[in-house]
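Each chain, written out:
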Amino acid sequence: MKAKITLKDIARELEVSISTVSKALKNSEEISRDTKEKVQAFAKLYNYKPNNIAISLKNKRTKNIGVVIPAIVHHFFTTVIRGIEKYANAHGYNVIVCLSEESFDKEVINMEMLANGSIDGFIMSLSSETQQKGDYNHLKEVTEQGIPVVLFDRITNEIDCDKVVIDDQFGAYMATKKLIDQGRRKIALITTDDYLSVSKARTEGYRKAFEESDIEINESRILKLSTMGIVDEERIQEFFDSNEVDAVLCVNEIFTVYSMRLVQEKGLNIPNDISFIGFTDGKLSKYANPSLTVVAQHGEKMGEIAAQMLIDKVESEKEEESFQTKILEPTLVIRNSTIN
């Protein structure tokens, strides 16, 4: 029994583009007779079965964009959706949003549900479980059928597609360096496990700032929590009970605001006794007491760029596929949780 093959497999074997293979299989007049015969014969030999849902999606523009995000609790993702909708609506596209809730299975179900001919392409940020598993077959199947995908924030290099991210390493480096320059030396990092691409990059930035300042890192001051969406109150309390710190960098504003409340209950003054910097410039950061210094991720701009990249790909007539990764520069917004 011959193995199942895809348009991408045929294109690679015959050294032509996926678009050429697709058109040849549909007897398009744009393709030479010789190429059509060669493609069709190869497809027949290997018992190629077209994905009718994918073909419907590719050939009939619905003017809908499918967006799959891990959670809605974080302000960052709401700003990205705002940016996507702003650009998409201005160009005549609607946006359908689904939540994976950090679940691999739900992420796959969302993609299968949307890829029924109801959307023109995907904009996605990977769930924590997907990155933990390292299983991206559902994404590969979609891209191999020529369905455009744009990944943002949490990405993987295993998928050939457009991507847009913030420079997370530089953001954490910049924040840690700010604290070091203010005389802080016992700087804690509250993050999540390194299988999350953003957490890994931010941990690298934290470490880089210490190394460049020739300060030894105390590994006990790095707390890695299991997910981005849940505040593990017990572990955070134990962390502050067992570690002497004079500053804290957190990978999101929820971890930061909870930690600030905890140290205030212990009688510490922010920022005189201990400074805090978090990621994401949301309402929690602005209205916290004291207001929170943050690494702004520019989610709305990221969303606009992701939507532009996807719509450009959907509407492109180019046969040759090329992909790009756009990296946005973060901004440090200084407020009252650090000494100005």
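Residues numbered from 1 in each chain as written. Predicted model: local features only at pLDDT ≥ 70, side-chain atom pairs only at ≥ 80, totals over all residues. Heavy atoms only, no water.

(A) How the structure looks around helix α6 (residues 104–114). Listed as buried for α6 are Phe104, Glu107, Val108, Asn110, Met111 and Leu114. Projected down its long axis, α6 carries its buried residues within an arc of 160°, all on one side. Residues of α6 that are exposed and point over 90 degrees away from its buried face: Ile109 and Glu112. Of the surrounding elements, those touching the buried residues of α6 are β1 (64–69), β2 (94–99), β3 (122–124), α7 (128–133) and α8 (137–144). For α6, the N-terminal cap is Ser103; the gap from its side-chain oxygen to the backbone nitrogen of Asp105 is 3.3 Å. (Buried < 20%, exposed > 50% of the residue type's maximum accessible area, 1.4 Å probe, protein only. Helix = DSSP H or I, 4+ residues; strand = E, 2+ residues; numbered from the N terminus. Arc of directions from axis to C-beta. Contact = heavy atoms within 4.5 Å. Polar contact = N/O pair within 3.5 Å; in protein donor to acceptor, adjacent residues only side chain to side chain.)

(B) Examining the nonpolar core more closely. Core analysis: the largest hydrophobic core is formed by 26 residues, its most contacted members being Ile65, Ile123, Phe152 and Val164. Sorting the residues of this core by element identifies β1, α5 (75–90), β4 (149–152), β5 (162–166) and α14 (299–315) as the ones contributing at least two each. Counting residues per element, this core draws most heavily on α14, at 8 residues. Formed by 21 residues, the second largest nonpolar core is a distinct cluster that contains Ala188, Val251, Phe255 and Ile274. (Core = buried A, V, L, I, M, F, W, Y, C linked by side-chain atoms within 4.5 Å.)

(C) View of the pattern of salt bridges. One pass over the full model with this rule turns up 19 salt bridges. Close ionic contact of Glu219 with Arg207 constitutes a salt bridge, the shortest N to O distance being 2.9 Å. Of this pair, Glu219 sits in the loop between α10 (197–212) and β7 (222–225) while Arg207 is found in helix α10, placing the two residues 12 residues apart along the sequence. The class of Glu219 is partly exposed, set by a relative accessible area of 46%. Take Arg207: its relative accessible area is 24%, and that puts it in the partly exposed class. Between Lys266 and Asp241 there is a salt bridge whose closest N-O contact spans 2.4 Å. Of this pair, Lys266 sits in the loop between α12 (253–265) and β9 (275–279) while Asp241 sits in helix α11 (residues 233–242), and the two are 25 residues apart along the sequence. Residue class for Asp241 comes out exposed when judged on its relative accessible area of 56%. (Salt bridge = Lys/Arg side-chain N within 4 Å of Asp/Glu carboxyl O.)

(D) Structural detail: the side chain of Glu107. For Glu107, the position within the fold is in helix α6. As a buried residue without a salt bridge, Glu107 has its nearest oppositely charged side chain in Arg154, at a separation of 7.4 Å. Polar side-chain contacts of Glu107 include one of 3.0 Å to the side chain of Thr130. Excluding anything up to four places from it in sequence, Glu107 contacts Val68, Ser100, Met124, Ser125, Leu126, Ser127, Thr130 and His138. (Lys, Arg positive; Asp, Glu negative; His and termini not counted.)

(E) Here's a closer look at unusual backbone geometry. The peptide bond linking Ile270 to Pro271 adopts the cis configuration, its omega dihedral lying at 15°. Locating Pro271 in the fold gives a position in the loop between α12 and β9. In the segment running from Asn289 into Pro290, the intervening peptide bond is cis, with an omega of 0°. A positive phi is found at Asp153, a non-glycine position, where the angle reads about 60°. Within the secondary structure, Asp153 is located in the loop between β4 and β5. The class of Asp153 is buried, set by a relative accessible area of 6%. The phi angle at His298 is positive, at roughly 55°, despite the residue not being glycine. By the secondary structure assignment, His298 is in the loop between β10 (293–296) and α14.

(F) How the structure looks around the packing of helix α2 (residues 18–25) against helix α3 (residues 33–45). With their axes 9 Å apart at the nearest point, α2 and α3 run at an angle of 85° to one another. Comparing the axis directions of α2 and α3 gives the class roughly perpendicular. Counted together, Thr20, Val21, Ala24 and Leu25 of α2 and Thr35, Lys36, Val39, Gln40 and Ala43 of α3 form the full contact between these two elements. (Axes fitted to C-alpha atoms, helices over the stretch in contact; angles between N-to-C directions. Parallel < 35°, antiparallel > 145°, perpendicular 65-115°, else oblique.)

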